[in-house]
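Chain by chain, the residues:
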Amino acid sequence: MNPLLQLEKVSIRFGGLTAVADLDLRIGENELVGLIGPNGAGKTTAFNLITGVYQPTAGQILFADKPTSKLKPSQLTRRGIARTFQNIRLFASMTVFDNVRTATQLHCARGVRHALWRGRAFRQGEQEVESHVMELLEIFHLENFFDAEAKNLSYGDQRRLEIVRALATQPKLLLLDEPAAGMNASEKNALMQLIQFIKDKFQISVLLVEHDMKVVMGICERIAVLDYGVKIAEGKPEEIRANPKVIEAYLGEESLKNV
Amino acid sequence: MNFRHAKTFLLGAIALCFLVSLFENQINSYWLFISYDIGVNIILAVSLNLINGYTGQFSLGHAGFMAVGAYTAAVITNQFGELNFFAANGVFIVALVAGGLAAAIAGLLVGIPTLRLRGDYLAIVTLGFGEIIRVIFQNMQSVGGARGYSVTHNYTNFFWTFGLAAVTVYVVTSLVHSTYGRGFIAVRDDEIAAEATGINPTKYKVTAFVIGAFFAGIAGGLYAHSKQFLTPDGFGFMQSIAFVVMVILGGMGNTIGVILAAILLTLLPEGLRALADIEHIPGIAQEFPLSWVGNARMVIYSLLLIVLMLTRPQGLFTLRKLKIKN
C-alpha cells in the first residue's frame, strides 16, 4: 500500500538559495513521524511545501496518491491536511466555540443561501455542528471555556485549541509546527500524551516538527533529520540517536547525554 | 445576540414599516425626509459593515457603489410617465433591484482584481474606484454630466426605505450568524489561519464586496427617488468617508451599534440646526441667541467626532462583545 503522504525529490529554491534539496519523505497511515534539524535547516520550509504555502521548484508531492501541486492551502485542507502554527494563530476575537465551529464548515456545505433562508436543513446542520464542536471540546477539556474569547485563554490552552481547530477539519494528516515551543517540562509531558492520544483516537497520521529532543524521541515512530535543506538521516529514534552524522550536525554530544 | 428568531424579526419589521407608512401623510414632511435619510444611511452603514467590520477589508468606495445604484434606478424609472399606485411600486422595486445588481457587478469587478491587496493598499484602490465612478458620471452627458440628473418620480416612501433597511440588517446578520458566516470574521482575524482551516479568503472577500455593493446600490436608488436630483459630486469620497465613520463609530462588526451610529450621525447636523434657531434659553432672562451654532455646525460636528473617537475608540455602542451562538 502506498503511503499517505509522499515527497519525491522535492526541492525549492529562493533565488540562489536552495532551502530544501531533493527531499524524500514518506508518511504512512496512522504513523507518527518527526522532522528535526537545527535552526535554518529547512523544516518550516518543508512544512510550507506540504501545506501548499510554497510550490516546489522540482519534484512532486503526492497526498493520498494524488499530486498536490498548484493546490492552495485551503484546498489541501479540504483534502485532509490540517496544520497548526509555530506562533499560535487563533481567531482572536472569536469565542473558543466559534474558533472550532469555523473549521467545521468545510464539512457542512451550508453556503449563503442556507444561511439566508434559515430553513430546516440549515438549523439541523447548525445543530449537528454545535454538538460535534462541543464533543471535540469535551475530549480536550475545553468545554468550560466554550464561551470565552480565544485570546483570553492560557498559552497551553491556546495551543490545545489550535490542535482542536485543526482536528475539526477532519484531517487524515495533522502537521504540528513546534507544538512544544515555550512549554515547561510538565506541559511537554502532557503534550506528548496528547499527541499520542490524538493519533490513536482519530486514527490519523501526524508529522511533528520540533526542536525539543525529548518530545521527538519520546513519541515519534520514525524521525527524519534535515540539515541545510538536505535529509541526512532517517530511522527509528534509537538509530537517529546513534547516527554520528546527526550528532555532528545537530545534537552534539552534550544533548545526547541528556536524552 | 440570539438570532434564532431572525425571520420573525424580519417579518415583524416589515409589518411595522407597512403600518407606519399608512400614516405617512400625517407626519411632518421635514422629519419624514430626514427619516428617509436615516433609512438610507442605515442600509449603507450596515452593508459597509459587512465589508469593513466583519470581513476587515477597508473599503472607501461605498459612495461609488451607491452612485451606480442611484443612476441605474433613476434611468429606469425616468422611462415611465405617471403610473397608478401598483404599477409605480412595481416599477420602483424592479428599478431598485436593478440598481443593486448593477452595483453588485461593479463590486465584483473591483473585488476580483483588488482583493489580493490588504489594508491601506486596498483602501487606496477602492478610493480610486469611487473617484472613477464619479468622474464617469460627470462625463456621461446622457445622465446630465456635471449638471446633474433630475429624477421624475418621488417613489421613495417610509415602507420601502425601512423595509429594505430591515432586509439589509437581516441579510448581513443572518449571514454572519451562521457557521458559514464565521468565515468572514475568520478572514478578518487571521487570513493565514483561515486558509489553514479550509476557508478560501478570496471567495469570502468577493462575497462580502458583492453583497455590500448590492445593498449600497439599493440605498442609492432610494436616495435618488427621495432627493429627485443626482449630482456626481454628491457621491464623492467625502461621502464614502461619512459611511466609514458610521461603521467605526458604531463599532466595527457590531450591527446594532452601526445602526445607532447611522441614526445619530444623520440627526446630529439637523439637531445642531434646530439648536441654532433658539433665541432664548429657558430660565435666562436676557437674550441668548444660539445662532452661532448654525455657523459652527460642521465644526461642532467634527469636534464631536474627535471627542467620541478619543473617548470610545472601540465604538460608541460596543458595551461588550456580543455573544454569538445560534
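Before any of the text, the structure's been laid out above.
All values reported here derive from a predicted model rather than from experimental measurement.

Asks: So, the overall build of chain B: which residues are in play, and what are the values?
Replies: Helix and strand counts for chain B come out as 13 helices and two strands. Against the globule reference of 20 Å for 326 residues, chain B gives a C-alpha radius of gyration of 20 Å, in line with a compact fold. For chain B, the spread of C-alpha atoms along the three principal axes comes to 70 × 50 × 40 Å. Out of the 326 residues belonging to chain B, those deemed buried represent 46%. Intrachain contacts of chain B at a sequence separation of at least 6 include 81% that bridge at least 24 residues.

Asks: Help me get a handle on the interface of chain A and chain B, residues and values and all.
Replies: Each partner contributes to the interface: chain A provides 33 residues, whereas chain B provides 29 residues. Those elements that place two or more of their residues in the side of chain A that touches chain B are α2 (73-79), α3 (96-104), α4 (112-117) and α5 (120-139) of chain A. Take the side of chain A that touches chain B: its biggest share by element is six residues, from α3(A). Looking at side-chain class alone, the side of chain A that touches chain B contains 14 nonpolar, eight polar and eleven charged residues.

Asks: Residue-level account of the sheet that holds strand β5 (residues 66-67) of chain A, with values.
Replies: Sheet strands pair via backbone hydrogen bonds, and the direction of the pair is either parallel or antiparallel. Residues and elements named next belong to chain A. The four strands are arranged β2-β1-β4-β5 in an open sheet whose pairing can be described as antiparallel. What marks the edges here is a single partner per strand, and that holds for β2 (17-27) and β5. Seen against the sheet, helix α1 (residues 43-50) touches β1 (5-14), β2 and β4 (58-63) and runs at an angle of roughly 65 degrees to β2.

Asks: Describe the nonpolar core, with residues and values.
Replies: Soluble globular proteins tend to pack their nonpolar side chains together in the buried interior. Ranked by size, the top nonpolar core spans 155 residues in total, and within it L208(A), I43(B), A45(B), M66(B) and A219(B) carry the most contacts. In terms of residue count, the dominant contributor to this core is helix α9 (residues 201-227) of chain B (14 residues).

Asks: How would you explain the environment of Q60(A) if you had to name every residue and give the values?
Replies: All names here are of chain A. As for its placement among the helices and strands, Q60 is situated in strand β4. Linking Q60 and L142, residues 82 residues apart in sequence, is a C-alpha distance of 39 Å. Excluding residues within four positions of it along the chain, Q60 makes contact with E8, P67 and S69.

Asks: Describe the pairing of strand β8 (residues 205-209) of chain A, naming the residues involved and giving the relevant values.
Replies: Residues and elements named next belong to chain A. A large share of β8 lies buried, amounting to five of its five residues. Both faces of β8 are covered, namely the face carrying S205, L207 and V209 and the face carrying V206 and L208. Summarising the sheet, strand β7 (residues 173-177) and β8 pair through five bridges and their orientation is parallel. Its bridge partner being in β8, L176 is matched across the sheet by L208.

Asks: Report on the packing of α3(A) against helix α6 (residues 155-168) of chain A, specifying residues and quantitative values.
Replies: Residue and element names in this part refer to chain A. The interhelical angle for the contact between α3 and α6, taken along N-to-C directions, is 30 degrees, at an axis separation of 7 Å. Taken together, the axes of α3 and α6 lie roughly parallel to each other. Taken as a pair, α3 and α6 cross one another with a handedness that is right-handed. Across the interface between the two elements, V96, N99, V100, A103 and T104 of α3 pack against L161, V164, R165 and A168 of α6.

Asks: Now, about the environment of V129(A): what can you tell me, with residues and values included?
Replies: Residue position: V129(A) is located in helix α5. Residue classification places V129(A) among the buried positions, given that 21 C-beta atoms sit within 10 Å. Those residues in contact with V129(A), other than ones at most four positions away along the chain, are R101(A), T104(A), C108(A) and T179(B).

Asks: Would you mind going over the packing of helix α2 (residues 29-54) of chain B against α9(B) in detail, with residue names and values included?
Replies: For any two helices packed against each other, one specifies the inter-axial angle together with the distance between the axes. Residue and element names in this part refer to chain B. Contact geometry for α2 and α9: axes closest at 8 Å, N-to-C directions at 170 degrees. Taken together, α2 and α9 sit at an angle that is classed as roughly antiparallel. Within the contact between the two elements, α2 uses F33, Y36, V40, I43, L44, S47, L48, L50 and I51 and α9 uses A208, F209, I211, G212, F215, A216, I218, A219, L222, Y223 and S226. Looking at side-chain class alone, the contact of α2 with α9 contains 17 nonpolar, three polar and no charged residues.

Asks: Can you lay out unusual backbone geometry for me, pointing to particular residues and giving the numbers?
Replies: Residues and elements named next belong to chain A. Despite not being glycine, K70 shows a phi value in the positive range, around 70 degrees. Within the fold, K70 resides in the loop between β5 and α2. Look at K70 and you get exposed, because 8 C-beta atoms sit within 10 Å. A positive phi is found at E178, a non-glycine position, where the angle reads about 45 degrees. Examined against the element boundaries, E178 turns out to sit in the loop between β7 and α7 (185-202). Its 20 C-beta neighbours within 10 Å are what place E178 among the buried residues.

Asks: For helix α13 (residues 297-311) of chain B, give the residues involved together with the corresponding values.
Replies: Taking 1.5 Å of rise per residue, 15 residues should cover 21 Å, and α13(B) covers 21 Å from first to last C-alpha, within 8% of that figure. Little of α13(B) sits inside the fold, with zero of its 15 residues counted as buried.

Asks: So what about α5(A)? Which residues, and what values?
Replies: Residue and element names in this part refer to chain A. For α5, with 20 residues, the first-to-last C-alpha span of 29 Å sits near the 28 Å given by 1.5 Å per residue. Of all the positions in α5, only F122, G125, E126, V129, V133 and L137 are classed as buried. The buried side chains of α5 occupy one side of the element, clustering within an arc of 105 degrees when seen end-on. Opposite the buried face of α5, by more than 90 degrees, sit the exposed residues R120, A121, Q124, Q127, S131, E135 and E138. Buried residues belonging to α5 abut α3, α4 and α6. Positive phi shows up at H141, right after α5, with a value of about 55 degrees.

Asks: Outline the sheet that holds strand β9 (residues 222-227) of chain A, listing residues and values.
Replies: All names here are of chain A. Read across the open sheet, the six strands follow the order β6-β7-β8-β3-β9-β10; overall the sheet is mixed. The open sheet has two free edges, formed respectively by β6 (81-83) and β10 (230-235), since each of these has just one partner strand. With direction set aside, neighbouring strand axes in the sheet form an average angle of 20 degrees. As paired elements, strand β3 (residues 32-36) and β9 share four bridges and run parallel to each other. Looking across to β9, one finds that L35 is bridged to A224.

Asks: Can you lay out the pairing of β2(A) for me, pointing to particular residues and giving the numbers?
Replies: All names here are of chain A. With seven bridges connecting them, β1 and β2 associate as antiparallel partners. When the bridges of β2 are listed, R13 appears paired with T18. The hairpin turn running from β1 into β2, its antiparallel successor, is two residues long, and G15 in that turn takes a positive phi close to 60 degrees.

Calculation rules
- Residues numbered from 1 in each chain as written.
- Chains lettered and ligands numbered in written order.
- Predicted model: local features only at pLDDT ≥ 70, side-chain atom pairs only at ≥ 80, totals over all residues.
- Helix = DSSP H or I, 4+ residues; strand = E, 2+ residues; numbered from the N terminus.
- Rg over C-alpha atoms; globule rule 2.2 N^0.38 Å.
- Buried ≥ 20, exposed ≤ 12 C-beta atoms within 10 Å, placed from the backbone.
- Contact = placed C-beta atoms within 7 Å.
- Nonpolar A, V, L, I, M, F, W, Y, C, P; charged D, E, K, R; others polar.
- Pairing = 2+ DSSP bridges.
- Axes fitted to C-alpha atoms, helices over the stretch in contact; angles between N-to-C directions.
- Core = buried A, V, L, I, M, F, W, Y, C linked by C-beta atoms within 7 Å.
- Parallel < 35°, antiparallel > 145°, perpendicular 65-115°, else oblique.
- Left-handed = near helix turned anticlockwise from the far one by under 90°.
- Expected span 1.5 Å × (residues − 1).
- Arc of directions from axis to C-beta.

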